[in-house]
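Coordinates in review
Okay, here's what each chain looks like letter by letter:
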Amino acid sequence: MKYYFILLIFGLLACGEQQEKEVAAVGQQRTAVEQNTVCADSIRTEVFETETGWGYSIFINENKYVHQPHIPAVAGVKGFNSAEAAGKTADLVKSKICQNILPPSVSIEELDSLGVLH
């Protein structure tokens with residue numbers, strides 16, 4: 001009987017430890033979501049027209065962080081064909097900043113997947 005009681009206590013302790021790990025994992029996920037929300041709220045994108053098309057700027061806490069008057073990763077100085085294309089790219093860069101992917105560079109493959117190249 002004594003051994004059953006000891007086994008029961010160890011079983012309960014093991015379950016409690018697992019539950020603590022699960023609660024900590026959920027807490028970390030919430031923290032990541034809250035950080036992304038705070039990040040998204042502190043970052044603003046702006047699309048503007050240039051002589052060669054469209055570009056975008058990204059502001060963090062109203063300080064200009066990125067000024068991109070032409071399509072990144074593409075040879076030459078060519079603007080985006082539309083405000084929408086520039087905005088999609090700005091949103092991708094904003095997302096990368098919120099995920100701490102720094103510098104938030106953009107590849108030709110990413111531009112292609114966004115449909116901003118033709």
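Thresholds applied
Residues numbered from 1 in each chain as written. Predicted model: local features only at pLDDT ≥ 70, side-chain atom pairs only at ≥ 80, totals over all residues. Heavy atoms only, no water. Core = buried A, V, L, I, M, F, W, Y, C linked by side-chain atoms within 4.5 Å. Buried < 20%, exposed > 50% of the residue type's maximum accessible area, 1.4 Å probe, protein only. Helix = DSSP H or I, 4+ residues; strand = E, 2+ residues; numbered from the N terminus. Contact = heavy atoms within 4.5 Å. Pairing = 2+ DSSP bridges. Axes fitted to C-alpha atoms, helices over the stretch in contact; angles between N-to-C directions. Disulfide = S-S within 2.5 Å. Polar contact = N/O pair within 3.5 Å; in protein donor to acceptor, adjacent residues only side chain to side chain. Salt bridge = Lys/Arg side-chain N within 4 Å of Asp/Glu carboxyl O.

1. Describing the nonpolar core
- Of all hydrophobic cores here, the largest spans 16 residues; its most connected members are Ile43, Tyr56, Ile58, Phe80, Val93 and Leu111.
- Of all the secondary structure elements, the ones that give two or more residues to this core are β2 (53-60) and α2 (83-98).
- The element that contributes the greatest number of residues to this core is α2, accounting for six residues.
- Apart from residues lying up to four places away in sequence, Ile43 is in contact with Ile58, Phe59, Ile60, Lys94, Ile97 and Cys98.

2. Describing the sheet that holds strand β1 (residues 43-50)
- Read across the sheet, three strands follow the order β1-β2-β3 without closing on themselves; strand pairing throughout is antiparallel. The outermost strands of the open sheet, each flanked by one partner alone, are β1 and β3 (63-68). The average undirected angle you get between the axes of adjacent strands in this sheet is 25°.
- Relative to the sheet, α2 contacts β1, β2 and β3, its axis offset from that of β2 by approximately 25°.

3. Some remarks on the state of the cysteines
- Within this structure, the stated rule accounts for one disulfide.
- The disulfide partner of Cys39 is Cys98, and the gap between their sulfur atoms is 2.2 Å. As the torsion about the S-S bond is roughly -95°, the Cys39-Cys98 disulfide counts as left-handed. With Cys39 in helix α1 (residues 2-42) and Cys98 in helix α2, the pair connects residues that are 59 residues apart, well separated along the chain.
- The class of Cys39 is buried, set by a relative accessible area of 15%.
- A relative accessible area of 15% places Cys98 in the buried class.

4. Let's talk about the side chain of Ser57
- Tracing the chain through its elements places Ser57 in strand β2.
- For Ser57, a relative accessible area of 1% translates into the label buried.
- A polar atom in the side chain of Ser57 sits 3.0 Å from the side chain of His67.
- Setting aside residues up to four positions removed in sequence, Ser57 forms contacts with Arg44, Thr45, Glu46, Phe48, Lys64, Val66 and His67.

5. A closer look at the pattern of salt bridges
- Counted by the stated rule, this structure contains four salt bridges.
- Notably, a salt bridge pairs Arg44 with Glu62, separated by 3.0 Å at the nearest N-O pair. In this pair, Arg44 sits in strand β1 while Glu62 sits in the loop between β2 and β3, placing the two residues 18 residues apart along the sequence.
- A salt bridge links Glu110 to Lys96, with the nearest nitrogen and oxygen atoms 2.9 Å apart. Here the residue Glu110 occupies a position in helix α3 (residues 108-114), and Lys96 occupies one in helix α2, the gap between them amounting to 14 residues.
- Residue Glu110 is classed as partly exposed on the basis of its relative accessible area, which comes to 23%.

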